[in-house]
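# What the coordinates show
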Amino acid sequence: MPAQGTITYRLIMTVPLRPLGLAKDLIEAVGLDVTYVYDDLIFIEHNAFLLQMEEQGENIGVWFNTESTSADRPEITTKLKAAGKELSLKVSDKGTFSIARQGDDETFQIVFNDHEVK
């Protein structure tokens, strides 16, 4: 009689593409709220920064509003990276953005400015 074997399963945790629930948890972990989501962009209350969900689900970029206080950006980035690590997210500082209203309607243009390569 052959020995009875056991079947083992290995659980592999993966982060889904555009993990809105995890991104919301990330923002709430630093004491803020999500105000609006459009495609891969997540707008945060007070508009100091926004998040962009990247091609790999665990990668999330942070873009700071050009009108935000630049001295506060490193602390915000550090908090987001620490909170992201707890959620298996990789948070990276991408650069800045600005918003301009288009005409008289509710249309806006977002301009992203990558960090300068030195």
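Residues numbered from 1 in each chain as written. Predicted model: local features only at pLDDT ≥ 70, side-chain atom pairs only at ≥ 80, totals over all residues. Heavy atoms only, no water.

### What to know about the confidence of the model for the protein chain
With 81% of its residues at a pLDDT of at least 70, the protein chain reaches an overall mean of 83. Confidence drops under a pLDDT of 50 for residues 9–16, and excluding neighbours within four residues, the segment shows six contacts in the predicted structure. (pLDDT = per-residue confidence, 0-100. Contact = heavy atoms within 4.5 Å.)

### What to know about the pairing of strand 1 (residues 34–38)
The sheet contact formed by strand 1 and strand 2 (residues 41–44) spans four bridges and is antiparallel. Bridge assignment links Y36 to a residue of strand 2, and that residue is F43. Following strand 1, the chain reverses through two residues before pairing antiparallel with strand 2; D39 in that reversal takes a positive phi of roughly 55°. (Pairing = 2+ DSSP bridges. Helix = DSSP H or I, 4+ residues; strand = E, 2+ residues; numbered from the N terminus.)

### Thoughts on the packing of helix 1 (residues 20–29) against helix 2 (residues 73–86)
It is the contact of helix 1 with helix 2, at a shortest axis distance of 9 Å, that shows an interaxial angle of 130°. With respect to helix 2, the axis of helix 1 lies oblique. Helix-helix and strand crossings are classified by hand; for helix 1 and helix 2 the assignment is right-handed. Only L80, A83 and G84 of helix 2 make contact with helix 1, whose side of the interface consists of L26, I27 and A29. (Axes fitted to C-alpha atoms, helices over the stretch in contact; angles between N-to-C directions. Parallel < 35°, antiparallel > 145°, perpendicular 65-115°, else oblique. Left-handed = near helix turned anticlockwise from the far one by under 90°.)

### Section: helix 2
The end-to-end C-alpha distance of helix 2 is 20 Å, a good match for the 20 Å that 14 residues give at a rise of 1.5 Å each. Residues of helix 2 that are buried: R73, T77, L80, A83 and G84. For helix 2, the arc enclosing every buried residue in end-on projection is 135°, short of the 170-degree limit, so these residues lie on one face. For helix 2, the exposed residues set more than 90 degrees away from the buried face come down to P74, E75, T78, K85 and E86. As for helix 2, its buried residues are in contact with helix 1, strand 3 (49–53), strand 4 (59–65) and strand 5 (90–102). In the segment just after helix 2, S88 is the residue with positive phi, at about 65°. (Expected span 1.5 Å × (residues − 1). Buried < 20%, exposed > 50% of the residue type's maximum accessible area, 1.4 Å probe, protein only. Arc of directions from axis to C-beta.)

### Side note on the layout of surface pockets
One simple way to see leftover space: roll a probe sized like a water molecule over the atoms. Taken as a whole, the largest pocket holds about 240 Å³ of empty space. Put simply, the parts of the chain that give the lining of the largest pocket at least two residues each are strand 1 and strand 6 (107–114). (1 Å grid on protein atoms, 1.4 Å probe; cavity = no way out; pocket = protein on both sides within 12 Å on 5 of 7 lines; lining within 4 Å. Points joined across faces, edges and corners; volume = space filled by probe spheres on them.)

### Some details on the pattern of salt bridges
Should the charged atoms of two oppositely charged side chains come close, the side chains can pair. Summed over the entire model, instances satisfying the criterion amount to three salt bridges. Residue K24 pairs with E28 through a salt bridge whose shortest N-O separation is 2.9 Å. Within this pair, K24 and its partner E28 are both found in helix 1, separated by four residues, close to a single helical turn. E54 is paired through a salt bridge with K94; the nearest N and O atoms lie 3.3 Å apart. Taken together, the residues E54 in the loop between strand 3 and strand 4 and K94 in strand 5 connect sequence positions 40 residues apart. (Salt bridge = Lys/Arg side-chain N within 4 Å of Asp/Glu carboxyl O.)

### Details of the packing of aromatic side chains
Per the stated rule, a full pass over the model turns up three aromatic pairs. Centroid distance W63 to F112: 4.7 Å. Interplanar angle 65°. Geometry classified as edge-to-face. Of this pair, W63 sits in strand 4 while F112 sits in strand 6, and the two are 49 residues apart along the sequence. In this structure F112 comes out as partly exposed when scored by relative accessible area, which is 31%. (Phe/Tyr/Trp six-rings, centres within 6.5 Å; stacked < 30°, edge-to-face > 60°.)

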